[in-house]
Amino acid sequence: MLTPNETFLQGGVFPSGFLWGVGSAAFPTEGSWDADGKGESVWDRFTGHTDPFSDSYVRWEEDLESVRYLGVNFYSFSLSWTRIFPDGNPKAKPNPAGVRHYRRVIGKLKELGVEPVVTLFHWDLPQVLQERFGGWLNRSMPDVFADYAAFCFQTFGTEVRYWITMHNPFLVAVQGYGTGAHAPGVTGDPADPFIAAHNLLRAHAKAWHVYDEHFRRLQRGNVSITLGSHWVEPLHGQATPTNQELCQKAMEAVIGWFAEPIYGGGDYPESLKASHRGVIPEFSAQERLWVRGTADFFSLAFGHETLRVGQGLARFGQTVKLDLRSVLVWVQQTYGDPRLLLAESGWFSDASVRVQDTKAIYLIKSFILQVMQAVSVERVRVFGYTAWTLLDGFEWNQGYSIRRGLFYIDFSDPERRRLPKTSAHFYRRVVRDNGFPDKNTPLVEGRFPCDFQFGVSESVLQVHLRPFSPQFTDPQLYRWNLSGDGSLSPVTGVLLHTRPAQCTDFLFIQHHLFLLGVTGSSHYRFGLDWTRLSPGGDPEVLRFYRCVLTELQRRGIRPLLALYHPSSRSPSLGLPEALHASGGWRNASSVEAFASYAAFCFHEFGDFVSTWITINEPNRLTELYTGDRAAVARHLLLAHAKAWRIYDEQFRRKQGGAVSLAVHADWVEPANPFLESHKSAQQRFLAFEVGRFLDPLIGGGDEGRSNVLIGFSDEERAELKGAQDFLALNHFTTRLVAPWEDAPPSKPEHGCLLMSDVTWPLSHLRQALVPWGLRRMLGWVRDRYGDRLPIIVTATGVDDQAVHDDRLRQRYIRSYLQEALKACELDGIDLRGLYFWKLQDHHDLQFGFFSSAAHHSRPKASVSLYRDIITHRGFPSAPDLRPSTCRDEDNGTSCELCTRITENKPLLFFSVCVSISAFMLCALIVISVVRKRRRTPSNVGPQRLRGQQRFPVMKATHRTLR
């Protein structure tokens, strides 16, 4: 099993010399089933010769032009046995037209600098051999196949370095001679698939020995067999010994069936023999030695057909997954780390998608990335990758209902033009780049500005009036253990003086802010509970929040206060119940109610708060209302503007703060970067999601740029214009966006479909980790609104299920802060702060730096990481790793002194102690000498004070002590 942390590798390039290829097979593409003397194959008979095919026999030069367009190193294709020997007899005279055709194809590939990889048999057995011998059920077939192979080696071998004897014999045996789903469609006898497989293995071994003995020395080629595989994991992730054994059995029943005789011990897997005794043939001792080692490299097929069959026949109750990386590692560990060619990899699209096969791009990307991970992390020796397939064509028992080609063919078009799909453009770029060069610029070294806000972000800070510490507010006197039961008994008739209530009485505040202090954060963002905080409400709620702000000030932590932080978990969406009952934000009365609430908060808390958020994520809140969303958005914007105007006119001069609203601003990438419609969808989505709420405030009150007209009056536009002191963005992830074709009536107003790149690492809650998306979002906002307003990312973070070593969160913190630093240093964006969500889990392990109180508020490893970054104020260079304070940089030479004092605190403490001790010793010596001189003067005798002289001094002393 691969650990989640090993999936972090999401980019990079393959080793130098890695081979990129594309493949096809003769029967699905060539057509011309009886042209130029070609004979009938079992698949010709099975399909009735009625299908249109791709005409590759006639249009082979167009095929090779498509290969050239991709820029690949090799082209893998199969020979049609019946095109070379129409009756299947390799000892007969070959068909000159067929031989000439393949010589032309190979010659043209060599001319283009593309290596041919040639498969001798890709399922299209001559029909004559099926009728005469019973096909692969006959023991004489290996000899016939060896003669056919010898002719091909002799005829084409000087130009071919890589030979594949047969493609995926598992499907030939199971589908062709078991289920009957493939040609020749044999069904009935349970032993037939095992007999066919036995003869296929013997045929391969015979062909390999022919090449090894007669052709290798001169041609210096390599011969292998392509084996198909699925991947099986324990059901529901329950990796019990029984489930693991069943998974191993499932692998051995598919790829192990053929790989174990060749790459293993020369015989079938023990699990396969044990479960099929009496029907599976046996190798003699001589045959085991003869079959074993008959492959010069390991050739693997990982396609939908094998997975589909494995899902139905060979999963043993476990889970089949699209995990190519695990298959590669399994082969490495099971068969001694062979050199490996991925001879088939790809998926399919529905026939209706034509050239815009967006999903296929990400499946191809996923497979290639899994190969890269296996090569880079597990050191699997993969030397080449084959994208399957070059052209749309006949897909065996699924006919033309699905498409697997990189090039689209309209089968109703007589010209059969090869049109590159977007997956072809994508694969061409991968080949050109030899993988996925990192989108991120290299890591930058440097520090954030001195006033940068390293913060922690919270939702509504719930009011906790209990637990409470009343030890100095209870006037009652108690006696302990009076009755012997250890209880406190009040003493009647005695009351004590008490002190007024203090902020330290709120035990929650002390504990909560202690955790915050451990993170080293300079700022803390939290929301007020509007439902409990209002003029004339509970004074203890007001005192609670004032105490939070007082304690933050005492600890040197600056607050960023959100007036209204709505939540879908709240039945009233965080509104006072009366407002919610009257329609919430659909009702214009909520605007005035919010303005009054904002004025109250500015008045009560403004002396402690310099940065305010009026409404958190109005774009997300709007989506929680069904119908009339334009009115909701309108009222939210007007409520913010009214609150901003109140602050600007009544409080700003005295309090000097800044007010904004916080917009949810995740980045989106065009799902298909090769389509203009997807690029347009990206801009339409961003304008709707972000611009709809920022354009009226920053864009001069103009709402037209967002493409969604809310309907403001001229007076309202004037009130909205400029009602923003900074840009507050909440950014968590990046998604893909595409136009939503044939969308249901309930589609979002932006008309876009959102999805995720399957290669991006995901959290437990399916949030993608895409650091560069933050920088692109910041750049988009700057480009749209200019540099007039600074930006603060008021919430960002990721969930992590780890109890302590939360590596995903640590990676998130480090990488997203890196992108923030690049935005500052490289892009010149005025980014003032970044707040991580959030301080503590409520219940389950999710976004918190600390576990929940029920789990003893344990710190996670990310706390130490975040504190270290804050201490160094970013990512300084290695020679400058000392902790940095802004005073150091402002004081010139005193900076060095301050730094040395900071770095040598124990020595400083020891020096102070020694200095104080020396000073006290000197003082004692001086005092002793002075007293001695006073007691023994040379000419004055001893004197005594009279009683009346001593008494006043004593009185004065007594009075002072009292």
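Conventions and cut-offs
Residue numbers run consecutively from 1 along every chain, following the written order of its sequence. Per-residue local features are limited, in this predicted model, to residues with pLDDT of at least 70; the limit for side-chain atom pairs, both in listing and counting, is 80 or more; totals at the level of whole chains, interfaces and linings are taken over all residues. Excluding hydrogens and water, the side-chain figures rest on all heavy atoms present in the structure. The rule for a salt bridge is simple: a side-chain nitrogen of Lys or Arg has to be within 4 Å of a carboxyl oxygen of Asp or Glu. Put simply, DSSP marks the helices as runs of H or I at least four residues long and the strands as runs of E at least two long, and each gets a number from the N terminus on. Think of it in three bands: residues with accessible area under 20% of the maximum for their type are buried, residues over 50% are exposed, and the middle band is partly exposed, with areas taken using a 1.4 Å probe on protein chains only. What makes two strands pair is DSSP finding at least two bridges between them. For every element, the axis is a line fit to its C-alpha atoms; helices are fit only across the contacting stretch, and the angle between N-to-C directions ranges from 0 to 180 degrees. Whether two residues are in contact is decided by their heavy atoms, any of which lying within 4.5 Å being enough. Think of pLDDT as the predictor's per-residue confidence, scored from 0 to 100. Note on disulfides: each one is a pair of cysteine sulfur atoms within 2.5 Å. In summary, the pairing rule links any two rings of Phe, Tyr or Trp, Trp by its six-membered ring, whose centres are within 6.5 Å, and it sorts them by plane angle into stacked for under 30 degrees, edge-to-face for over 60 and tilted for everything else. The definition of a nonpolar core used throughout is a set of buried Ala, Val, Leu, Ile, Met, Phe, Trp, Tyr and Cys residues joined through side-chain atoms within 4.5 Å.

Quick look at the pattern of salt bridges
- For the structure on display, the rule yields 51 salt bridges.
- Between D296 and R216 there is a salt bridge, with its nearest N and O atoms 3.0 Å apart. With a gap of 80 residues between them, D296 in the loop between helix 13 (285–291) and strand 8 (298–302) and R216 in helix 10 (residues 216–219) connect regions that are remote in the sequence.
- Judged by relative accessible area, which is 23%, D296 ranks as partly exposed.
- With a shortest N-O distance of 3.6 Å, K642 and E592 are connected by a salt bridge. Of the two residues, K642 is situated in helix 23 (residues 629–655) and E592 in helix 21 (residues 589–605); the sequence distance between them amounts to 50 residues.
- A relative accessible area of 22% places K642 in the partly exposed class.
- In this structure E592 comes out as partly exposed when scored by relative accessible area, which is 46%.
- Overlapping salt bridges, with partners in common, bring together E40, R45 and E131 in one network.

What about the sheet that holds strand 2 (residues 19–23)?
- Sheet architecture is closed into a barrel: 8 strands sit in the order 2-3-4-5-6-8-10-12, paired in parallel fashion. For this sheet, the mean angle separating the axes of adjacent strands, direction not counted, is 25°.
- The pairing of strand 10 (residues 340–345) with strand 12 (residues 382–388) spans 4 bridges and is classified as parallel. Residue L340 lies in a different strand from strand 12, and its bridge partner there is V382.
- Of the strands in this sheet, strand 4 (115–121) and strand 5 (162–167) are in contact with helix 7 (residues 141–156), which crosses strand 4 at around 160°.
- On the sheet, helix 11 (residues 241–263) packs against strand 6 (222–228) and strand 8 and is oriented at approximately 155° with respect to strand 6.

Side note on unusual backbone geometry
- Across the junction of W388 and T389, the peptide omega takes the value 10°, indicating a cis bond.
- With respect to the helices and strands, the residue T389 is situated in the loop between strand 12 and strand 13 (402–403).
- The phi torsion at R766 lies on the positive side, around 70°, for a residue other than glycine.
- The topology assignment puts R766 in the loop between strand 28 (752–755) and helix 26 (772–785).
- The exposed category is assigned to R766, whose relative accessible area is 64%.
- In this structure, S857 is a non-glycine residue whose phi angle is positive, near 50°.

Digging into the confidence of the model for the protein chain
- Mean pLDDT over the protein chain works out to 89, with 88% of the residues at or above the 70 mark.
- Counted against residues more than four places away or in other chains, residues 1–7, with its pLDDT under 50, gives 12 contacts.
- In this model, residues 934–962 is a region of pLDDT below 50 whose contacts with residues beyond four sequence positions or in other chains number 1 contact.

Focus on the state of the cysteines
- Taken as a whole and assessed by the stated rule, the structure comprises 1 disulfide.
- Note that C503 is cross-linked by a disulfide to C547, the S-S spacing being 2.1 Å. Disulfide C503-C547: torsion about the S-S bond near -80°, hence left-handed. Here C547 lies in helix 19 (residues 539–554) and C503 lies in the loop between strand 20 (488–495) and helix 18 (507–519), a separation of 44 residues in the sequence. Across the pair, exposure class does not vary: C503 and C547 are buried alike.

As for the sheet that holds strand 28
- If you walk across this open sheet you meet the 3 strands as 25-27-28, and the pairing is mixed. Each of the sheet's edge strands pairs with one partner strand only, and the pair in question is strand 25 (667–670) and strand 28. If you compare each strand with its neighbour and ignore which way they point, the axes differ by 40° on average.
- Of the strand pairs in this sheet, strand 25 and strand 27 (residues 734–739) are connected by 4 bridges, and their pairing is parallel. Paired with P670 across the two strands is V737, which belongs to strand 27.

Comments concerning the packing of aromatic side chains
- Tallied over the full model, the rule gives 70 aromatic pairs.
- Where F27 meets W43, the ring centres are 5.8 Å apart and the plane angle is 40°; that geometry is what we call tilted. Residue F27 is found in helix 1 (residues 26–30), and its partner W43 is found in helix 2 (residues 42–47); the two are separated by 16 residues along the sequence.
- Judged by its relative accessible area of 7%, F27 falls in the buried class.

Quick word on the nonpolar core
- Counting residues in hydrophobic clusters, the biggest one holds 263 residues, and the most contacted among them are W136, Y385, Y545, W585 and F605.
- In terms of residues, this core owes the most to one element, helix 23, which gives 12 residues.
- Once residues lying within four places of it in the same chain are set aside, the contact partners of Y545 are V460, L461, V463, F526, G527, L528, D529, L533 and F605.
- A562, I613, F726 and I792 belong to the second-largest nonpolar core, a separate cluster that totals 9 residues.

A few points about the pairing of strand 6
- The buried count for strand 6 comes to 6 of 7 residues, which makes it a mostly enclosed element.
- Bridge analysis of strand 5 against strand 6 gives 4 bridges, and the strand direction is parallel. If you follow I164 over to strand 6, its bridge partner there is S224.
- As judged from the 3 bridges shared by strand 6 and strand 8, these two strands associate in the parallel manner. In the strand pairing of strand 8, T226 is matched with S299.

So, helix 8 (residues 169–179)
- Of all 11 residues in helix 8, 9 are buried, a share of seventy percent or more.
- If you check which residues of helix 8 are buried, you get P169, F170, L171, V172, A173, V174, Q175, G176 and Y177.
- G180 sits one or two positions beyond helix 8 and adopts a positive phi of about 80°.

A look at the side chain of H230
- Considering the arrangement of structural elements, one finds H230 in the loop between strand 6 and strand 7 (231–233).
- Taking the relative accessible area as the measure of exposure, H230 reaches 0% and is therefore buried.
- Those residues in contact with H230 that sit more than four places away from it in its chain are A250, M251, V254, F302, T306, L307, G310, A314, V320 and V327.

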